[in-house]
Amino acid sequence: MTTGTATAGVVGARIPRIEDLRLVTGAGEYVDDIVRPGMAHVHFVRSPLARARILDIDVSEALALEGVRAVYTAADLNPEVRELVYALDLPGMPPVPRPPLAEGEVRFVGDPVALIVAVDRYVAEDAAELVVVDYDPLPPIVDYTTAAENPEQVHPDIPANLAALIPGMPAEQRQQIYDKAAHVVRQHIFQQGYVPVPMETRGLIAEWSAPTGEMTIWASTQSPHGMRAFCARLLGIPEHQVRVVARDTGGGFGQKVVPGREDVAVMLAARKLRASLKWIEDRQENLIAAGSARHESGIAEMAFDADGRILFGAIDYLQNVGAYPIPSPLTAAFPVGMLFTGPYRVPVATFDLKLVYTNTVGRVAYRGPWQFESVAREVLMDTAARQIGIDPVELRRRNMIRQDELPMVNPSGMPYSDMTPLETFEKAVGALGYEAFREEQAAARAQGRYLGVGSCTYVEPTAGSTPFYATEGGTIRIEPSGVVNVYVAGGSAGNSLETTVVQLTADALGVRVEDVHTIQGDTAVTPFGGGTGGSRSASVTAGAIAETAAALRARIIAIAAHKLGNPAEDIEFADGRATVRGVPEVALTLHEIAEIAYFQPDALPPGIPAGLEASGRYKAAAPMIWANATHICTCEVDIETGRVTLLRYIVGEDVGPMINPNVVEGQIYGGTVQGIGGALYESQAYDDDGNPIATTFMDYLLPTATEAPTIEVVHVESHSAGPGGFKGVGEGGAIGSAPAVINAVADALAPFGVEISALPLSPATIVGLIDAARGKAHS
């Protein structure tokens, strides 16, 4: 269900996704579809222990197995590293240890200890059983909440297991504010670890050409150019000697933004063996070793005046970074503090950040990696409403920022602009019919049924201009046939950048959609770009295309004007035809104009170069572009079984003008279901010895189409300062959905006095909360 306006022309049209036919008919090309001459296969020997010294590794039996070409350990590969630099690790951040293979100690279950190369995956897995590793077990640090006080150390040169510690306002100062406030509300909430779970697991083919000293990589990556630069530094070779090709990528969600330790090991092994090596992770490896996300907790606090207006906000944030986080965990931790006040007017705020190492898998990026700021803040707002005695919708109305109050700077220094928090909130509340639902809820409770409603409103910085993401390039080549090819860094990672680029180019040039094609994901032919991440792709690519298309369109019109004998200002160019204003029967097709440009250089007007090809680069004019949304969820909780049934789900979204509403809403649907999974089902849990408990989809529960509600979307449109007024949309659904679901469950259980402090809200957890509340009431 969609309301709102769409921009004119090709942009804004609900055209079918161009890539869908290829993907749904099985014609996609993923890493595992690539076969290279003489290609061998890689499998990793992984640690069965969370922490242990490596005393000895005997690979003799594995090497003797027929079909095994090599077995490498840390002693073989780690010294080959020339430089290990991640583009998203900003200058000044604490260094993070990331050896390709475990060296000296293993530090989590799944830590890669040895790399086996064999003729196929089956032989490589058989060989792994023959590698004998002599371990000396050590006490693991599993509980991140006590890791800083644990006398054991994950890394011997990092005291107190602290990856970072950023203090905020002293407690005495905070107390002075609280002493003057009418209400002070605190919320402690623990969010479990859960993982991106892309449909396609991690994988790459690394092919080293010894005669030329060149590396070609086919990768499941969100950033081909980022991987190229990384590999060049890793191997100590010029960047032009590395080519990265990313075809179809079955989801990334942040897990594939930067190379993992296994990727590094495969690159090193390919050069050492002078071969083509393929590594494809299986699902168990993905769940155990590909990375963790969302494993964090915090104490959120807010002070309110007697009318329920916020006076002060604070969050004390604690994050588990695991053993080997990639990229730097501070990249996402800082926004948790900076964005904690979210869409509300908060005059003063502070935050503490504490990041700790543990003997669990390393933290990785995951769709909205700072999402905990919304979980903590929005759950706190509902708790505050119950404690103060104000309806949660009314409490938000009293504090939420309006569009006419912008621009403004939030208390942590974030420059807010071009968004509509209150307006979007009201549209979502109106779409629900909030008052009618409250009446339905009261009637249901009288019948012994427990319905609840919860919301989350967030603001999201998109298209941020950090150094690696500061610019984006585009090249447009109009062939002599009149067909348009547009080259961008891109990559098909499920975000439909193919369709988006085609629409943007057709609109900017004035040609038909069916005459535009896009080439993406190949560093040999595409201009440098940061790739997909940070909800940036559409906005920055629109800028690159606009810069490039403007120059080409001017050239097209100049050639047409010269040929037709009219001033350029009288030429109209649309649908691939140049006409004279008022004389539509006099026309030149783009094919005819291209023939002049390529084959009749003497017929070109003075100053116009031959050919129809141009490149441009967009530089962000603002540090970030702001999007915002409100998620509202209603549910029913069965208090006997703990089952949660989602009834209605509404997203009010302001992502600026929509390039393609189908793509925008698809991004919202996917992210929303991921957040629902995090609230209710998914959990990357460990036992006390650091053993992962959920290693298959029998144990790691994902929401399916059966559990996913029908998601209704309503749009509010405000324009950003970026090209076309566009904003990012990729991460928002995963940010707003978990808090909305948590609040809906808490609201349903409000008659029992239940306060939610830990996730996920499994049936057993909910029944336990109800039983505890009943026991407390009777004591």
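Refer to the structure above for everything that follows.
Quantities reported herein were computed from a predicted structural model and do not represent experimental measurements.

Undergrad: Help me out: how do you make sense of helix α6 (residues 224-235) in this one?
TA: One full turn of an α-helix is made of 3.6 residues, so residues set three or four places apart face in the same direction. Taking 1.5 Å as the rise per residue, α6 with 12 residues should run 16 Å; its terminal C-alpha atoms sit 16 Å apart, in good agreement. Taking burial as the measure, the 12 residues of α6 include 11 buried ones, the bulk of the element. When we look at burial in α6, the residues that qualify are P224, H225, G226, M227, R228, A229, F230, C231, A232, L234 and L235. Summarising the contacts, the buried residues of α6 are in contact with β9 (203-209), β10 (214-219), β11 (242-245) and α7 (261-273). Residue G236 follows α6 closely and has a positive phi angle near 70 degrees.

Undergrad: Mind showing me how you'd approach the environment of E301 here?
TA: Inspection of the secondary structure assignment puts E301 in strand β13 (residues 296-304). A sequence separation of 83 residues divides E301 from A384, and the C-alpha atoms of the two residues are 9.6 Å apart. Excluding its chain neighbours within four sequence positions, the residues that come into contact with E301 are R174, Y178, V185, R186, F312, G313, A314, F340 and L380. There is a polar contact of 2.3 Å between the side chain of E301 and the side chain of Y178. In this structure the side chain of E301 is engaged in a polar contact, spanning 2.9 Å, whose partner is the side chain of R186.

Undergrad: What exactly am I supposed to notice about the nonpolar core here?
TA: One recurring pattern in soluble globular proteins is that nonpolar side chains are buried together. The biggest cluster of nonpolar side chains holds 116 residues, and the ones touching the most others in it are F304, V745 and L749. Excluding residues within four positions of it along the chain, F304 makes contact with A181, A182, H183, V185, R309, I310, L311, M381, A384, I388 and L395. If you look at the next biggest cluster of nonpolar residues, it comprises 42 residues, including A40, M227, F230 and V264.

Undergrad: Mind showing me how you'd approach the sheet that holds strand β6 (residues 132-137) here?
TA: Through backbone hydrogen bonds, the strands of a sheet pair up, either in parallel or in antiparallel fashion. If you trace the 3 strands from one edge of the open sheet to the other, you get β4-β2-β6, paired in antiparallel fashion. One side of each edge strand has no neighbouring strand; the edge strands of this open sheet are β4 (105-106) and β6. In this sheet, β4 lies alongside strand β2 (residues 52-58) in antiparallel orientation, the contact comprising 2 bridges. Looking at the pairing, A52 lines up with V106 of β4.

Undergrad: Mind showing me how you'd approach helix α10 (residues 372-388) here?
TA: Between the first and last C-alpha of α10 there are 24 Å, a value that for 17 residues agrees with the 24 Å anticipated at 1.5 Å per step. In terms of residue burial, α10 counts as a mostly covered element, since 15 of its 17 residues are buried. Within two residues after α10, G389 carries a phi angle of roughly 90 degrees, on the positive side.

Undergrad: What should I look at first to understand a negative patch on the surface in this one?
TA: Taken together, the side chains of D56, D58, E61 and D134 present a region of like negative charge at the surface. Structurally, the position occupied by D134 is in strand β6.

Undergrad: What exactly am I supposed to notice about the pairing of strand β22 (residues 571-574) here?
TA: Consecutive side chains along a regular strand alternate between the two faces of the sheet. The side-chain alternation of β22 yields one buried face, formed by I571 and F573, and one unburied face, formed by E572 and A574. Here β22 hands over to strand β23 (residues 577-580) after 2 residues, with D575 in that stretch at a positive phi of 55 degrees.

Undergrad: Just checking my understanding: could you explain the environment of D689 for this structure?
TA: Within the element layout of this structure, D689 appears in the loop between α17 (661-680) and β28 (711-715). Considering only alpha carbons, one finds D689 and D143, 546 residues apart in sequence, at a separation of 10.0 Å.

Undergrad: What is the right way to read the sheet that holds strand β15 (residues 348-357) from this model?
TA: The strand order across the open sheet formed by 5 strands is β7-β15-β14-β13-β8, and the pairing between neighbours is mixed. For this open sheet the edge positions go to β7 (162-166) and β8 (183-191), each flanked by a neighbour on one side alone. Strand-to-strand twist across the sheet, computed as the mean angle between neighbouring axes with direction ignored, equals 10 degrees. Across 10 bridges, strand β14 (residues 310-322) lies against β15 in parallel orientation. Directly across from Y317, in β15, lies its bridge partner L353.

Criteria and cut-off values
The residue count restarts for each chain, going from 1 along the sequence in the order it is written. Totals for whole chains, interfaces and linings use every residue, but because this is a predicted model, local features are given only for residues with pLDDT of at least 70 and side-chain atom pairs only at 80 or more, for both listing and counting. Excluded from the side-chain calculation are hydrogens and water; included are all heavy atoms of the structure. Strands here mean DSSP runs of E at least two residues long; helices mean DSSP runs of H or I at least four residues long; both are numbered from the N terminus. In a helix, the anticipated span is given by 1.5 Å times the number of residues less one. Exposure is judged per residue with a 1.4 Å probe applied to protein chains only, and the accessible area is read against the type maximum: over 50% gives exposed, under 20% gives buried, and values in between give partly exposed. Whether two residues are in contact is decided by their heavy atoms: any pair within 4.5 Å suffices. Distance and chemistry together define a polar contact, namely a pair of N or O atoms within 3.5 Å, with one atom able to donate a hydrogen and the other to accept it when in protein, and with adjacent residues in sequence counting only for side-chain atoms on both sides. Side-chain atoms within 4.5 Å link the members of a nonpolar core, which is a set of buried Ala, Val, Leu, Ile, Met, Phe, Trp, Tyr and Cys residues. A strand pair is defined by DSSP finding two or more bridges across the two strands. Like charges within 9 Å and nonpolar side chains (Val, Leu, Ile, Met, Phe, Trp, Tyr) within 5 Å are joined into patches, using only residues over 30% in relative accessible area that form no salt bridge. We get accessible surface area from the Shrake-Rupley algorithm with a probe of 1.4 Å; when it comes to residues, only the shown protein chains can shield them. Any carboxyl oxygen of Asp or Glu that lies within 4 Å of a side-chain nitrogen of Lys or Arg is treated as forming a salt bridge with it. Note that His is not counted, nor are the chain ends; the positive residues are Lys and Arg, and the negative ones are Asp and Glu. Think of each charge as sitting on NZ of Lys, CZ of Arg, CG of Asp or CD of Glu. The angle between two axes is taken between their N-to-C directions and runs from 0 to 180 degrees, where each axis is a line fitted to C-alpha atoms and a helix contributes only its stretch in contact.

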